[in-house]
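Chains, contacts and geometry: an overview
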Amino acid sequence: MRDEAARYVRFQGTAPHPRGHFPGVFALVNGLARDGKLTPEQEVFRRANNDWYDAAYPEPSSIDPSVYDHSVNPGAVAWFKSTSTGLIARVPGYLEILDAHGVECVEVRSAGAPGRVVYEDEWQVVVVPTCGKG
């Protein structure tokens, strides 16, 4: 769904995780890596870009370890703020990897908070999704 007025954007798989949420683009690519499915070139891209994200932006769980704790925030997922162009700019490379492996990923946008916000910084929010989101 394209909505230029959207304040939040997320790239997520179309198949739900066993716990019910839809894994995000990074979890999907990292899962392929963990399963040894990436080509050497894809792994170089993944590692370099994951390192870039780690250095450039805060990891919510390093600030608040309970953010992704399923017993505290069941189904918590991260969304980019649509103004976070630096974060979003590298996503197409991850989408290309998913496409090469036949893993479906969709872009979802939301004009308002896409759930109960449990973490927020300048670039992203982590929310516990409301029914049917995230």
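The structure presented is a predicted model; accordingly, all values stated were derived computationally and were not measured.

**Things to note about the packing of helix α1 (residues 25–34) against helix α2 (residues 40–56)**
- Interaxial distance between α1 and α2 falls to 11 Å at its minimum, and their mutual angle equals 135°. Comparing the axis directions of α1 and α2 gives the class oblique. Helix-helix and strand crossings are classified by hand; for α1 and α2 the assignment is left-handed. Each of Phe26, Val29, Asn30 and Ala33 in α1 lies in contact with α2, whose residues at this interface are Glu43, Arg46, Asn50 and Tyr53.
- Split into classes, the residues belonging to the contact of α1 with α2 amount to four nonpolar, two polar and two charged.

**Re the packing of aromatic side chains**
- The full count for this structure, using the stated rule, is nine aromatic pairs.
- Seen from their ring centres, Trp52 and Tyr53 are 5.1 Å apart, and the 75° between their planes marks the pair as edge-to-face.
- Judged by its relative accessible area of 27%, Trp52 falls in the partly exposed class.
- When its relative accessible area of 8% is taken as the criterion, Tyr53 is described as buried.
- With centroids separated by 5.2 Å and ring planes inclined at 80°, the aromatic side chains of Tyr57 and Trp123 adopt a geometry described as edge-to-face. Here Tyr57 is found in the loop between α2 and α3 (60–63), whereas its partner Trp123 is found in the loop between β4 (115–120) and β5 (124–129), with 66 residues between them in sequence.
- The exposure class assigned to Tyr57 is buried, which follows from its relative accessible area of 15%.
- By relative accessible area, which is 24% here, Trp123 ends up partly exposed.

The rules behind the values
Residues numbered from 1 in each chain as written. Predicted model: local features only at pLDDT ≥ 70, side-chain atom pairs only at ≥ 80, totals over all residues. Heavy atoms only, no water. Axes fitted to C-alpha atoms, helices over the stretch in contact; angles between N-to-C directions. Helix = DSSP H or I, 4+ residues; strand = E, 2+ residues; numbered from the N terminus. Parallel < 35°, antiparallel > 145°, perpendicular 65-115°, else oblique. Left-handed = near helix turned anticlockwise from the far one by under 90°. Contact = heavy atoms within 4.5 Å. Nonpolar A, V, L, I, M, F, W, Y, C, P; charged D, E, K, R; others polar. Phe/Tyr/Trp six-rings, centres within 6.5 Å; stacked < 30°, edge-to-face > 60°. Buried < 20%, exposed > 50% of the residue type's maximum accessible area, 1.4 Å probe, protein only.

In short, geometric facts, not functional conclusions.
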